[in-house]
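Here is how the chains run, residue by residue.
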Amino acid sequence: MATKLAPKDFKADADFANAMHGSSNAGKTGFSSLASKNEEAHLAAVDGYFKHWDNKNSETQTEEDQKTRLEDYSSLTKHYYNLATDFYEYGWGTSFHFSRYYKGENFKQATARHEHYLAYKMGLKAGMKVLDVGCGGGVGGPGREICRFADVNIVGLNNNDYQIQKANHYAKVQKLDDKLSYVKGDFMQMDFADETFDAVYAIEATVHAPVLEGVYGEIYRVLKPGGTFGVYEWVLTDKYDETNPRHREIAYGIEVGDGIPKMYTREVAEKALKNVGFEIEYQQDLADVGDEVPWYYPLAGEWKHVQSLGDVFTIFRTSKWGRYLTTEGTGLLEKLKILPTDTKKITIALEDAAVNLVDGAKLGIFTPMMLYIVKKPEESK
């Protein structure tokens, strides 16, 4: 499946990010960052994103609607993270991904372990030049952790200028900027020469691609022969049934609230990796290994998953009443002109996405951690 590549206008993107977030907001997080947005630019981002979803649902969307989202993949993703980054960082930290959990393990430990496991399975070694595609969908948390863990040199590729600004700020603060940097780019058309990197990884980021062969093909191109690509991919599992209205509703809800042009199945992802030339060495759905504490527990609002005092707040926040209070509280702050217009609208989309993620997991039709470890074959002699 071919798709039209987005035009590159990095200066316009940077100017917009500076207008919306400010040029010196890298160190701000949470409420203070949300409250300091430029109203006009914020509303432009809201319009740029929600024009793809307003007045539509899983049953009324058309093939043309989906085609438009796929063609607008770059702008859609940029606007999504312009709107969602501060929410994610406030509620999730600086690594925007899910993780497996062990009984008694805290959130930050699990997050780091999930990142370490990817580096371990890839066989990363000190001194390697590594590409982080999409930066874990966030502000560089995985890159900083893997840089320290494996002693590798990492370049993070991201198409959102605000996230790049924050990721480079954090790398400098943590004195990792000599080995870790983040640059602007479109992962469907990377500005790196062929065979530049010893290894490439992506953590829950390539799901934003309009077609997986496109991003996987670019990764294959910039990877050295014999190099490894490791990815935690968001996919619909083999249990997903496109003819089931409830399944379609859940998939669409995840797309709307997570900035995804189109969700693909595990089979599509596997075929895409093979189609571009990769050899699959290892694959496993880490969400389906019988863990006592499910990956989605921070989103589920279920008291049976409380393991620590910190979990009490997390579980209440994601309970039905907690989501109501969050949404209405955001709406009140918006009315008081403390937060920008349509902040409540963004909150509703993010909360609905969380509910659909949990429902998809419980039905077994969605996973955010389909792990593939693949190799680019050595050059023939």
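Model, not experiment: these values are computed from the prediction.

(A) Examining helix 11 (residues 266–275) more closely. Residues Ala269, Glu270, Ala272 and Leu273 constitute the buried set of helix 11. Along helix 11, the residues classed as buried sweep out an arc of 160° about the axis, all on the same side. The elements touched by buried residues of helix 11 are helix 9 (212–222), strand 5 (223–236), strand 6 (279–285) and strand 7 (366–375). Once helix 11 ends, the next one or two residues include Gly277, with phi positive near 120°.

(B) Representation of the pattern of salt bridges within the structure. Counted by the stated rule, this structure contains 28 salt bridges. Glu292 serves as the salt-bridge partner of Lys103, at 3.8 Å between the closest nitrogen and oxygen. Of this pair, Lys103 sits in the loop between helix 5 (73–92) and helix 6 (107–122) while Glu292 sits in the loop between strand 6 and helix 12 (297–300), and the two are 189 residues apart along the sequence. Per residue, the accessibility class of Lys103 equals that of Glu292, and both read exposed. Among the salt bridges present, the one from Arg246 reaches Asp359, with a minimum N-O distance of 2.8 Å. On the criterion of sequence distance, the pair formed by Arg246 in helix 10 (residues 245–258) and Asp359 in helix 15 (residues 343–363) is long-range, its members being 113 residues apart. By relative accessible area, Asp359 is classed as partly exposed at 23%. Salt bridges here are not isolated pairs; linked through shared partners, they connect Asp13, Lys78, Asp161 and Lys184.

(C) Region of the structure containing the packing of helix 1 (residues 10–21) against helix 5. Contact geometry of helix 1 with helix 5 gives a least axis separation of 11 Å together with a crossing angle of 20°. One element, helix 1, and the other, helix 5, form an angle in the roughly parallel class. In this structure, helix 1 meets helix 5 at a crossing whose hand is right-handed. Of the residues in helix 5, those touching helix 1 at Asp13, Phe16, Met20 and His21 are Lys78, His79, Asn82 and Leu83. Looking at the contact of helix 1 with helix 5, its residues break down into 3 nonpolar, 3 polar and 2 charged.

(D) Looking closely at unusual backbone geometry. Although it is not a glycine, Asn55 adopts a positive phi angle of roughly 60°. Examined against the element boundaries, Asn55 turns out to sit in the loop between helix 3 (39–50) and helix 4 (63–71). One non-glycine residue with positive phi stands out, namely Asp342, at about 75°. Along the polypeptide, Asp342 turns up in the loop between helix 14 (320–335) and helix 15. Classification of Asp342 as partly exposed rests on a relative accessible area of 24%.

(E) Quick look at the packing of aromatic side chains. Considering all chains together, one arrives at 23 aromatic pairs under this definition. Pairing Tyr49 with Trp53 gives two aromatic rings, centres 5.9 Å apart and planes at 45°, and the pair type is tilted. Centroid distance Tyr88 to Phe96: 5.2 Å. Interplanar angle 80°. Geometry classified as edge-to-face. Members of the aromatic cluster, connected to one another through ring pairs, are Trp92, Phe98, Tyr101, Phe107, Trp234, Trp295, Tyr296, Tyr297 and Phe366. Geometry around Tyr220 places Lys376 over its ring, the cationic atom sitting 4.8 Å from the centre.

What counts and how
- Residues numbered from 1 in each chain as written.
- Predicted model: local features only at pLDDT ≥ 70, side-chain atom pairs only at ≥ 80, totals over all residues.
- Heavy atoms only, no water.
- Buried < 20%, exposed > 50% of the residue type's maximum accessible area, 1.4 Å probe, protein only.
- Helix = DSSP H or I, 4+ residues; strand = E, 2+ residues; numbered from the N terminus.
- Arc of directions from axis to C-beta.
- Contact = heavy atoms within 4.5 Å.
- Salt bridge = Lys/Arg side-chain N within 4 Å of Asp/Glu carboxyl O.
- Axes fitted to C-alpha atoms, helices over the stretch in contact; angles between N-to-C directions.
- Parallel < 35°, antiparallel > 145°, perpendicular 65-115°, else oblique.
- Left-handed = near helix turned anticlockwise from the far one by under 90°.
- Nonpolar A, V, L, I, M, F, W, Y, C, P; charged D, E, K, R; others polar.
- Phe/Tyr/Trp six-rings, centres within 6.5 Å; stacked < 30°, edge-to-face > 60°.
- Lys NZ or Arg CZ within 6 Å of the ring centre and 35° of its normal.

Everything listed here is a matter of coordinates, which is why it stays silent on function.
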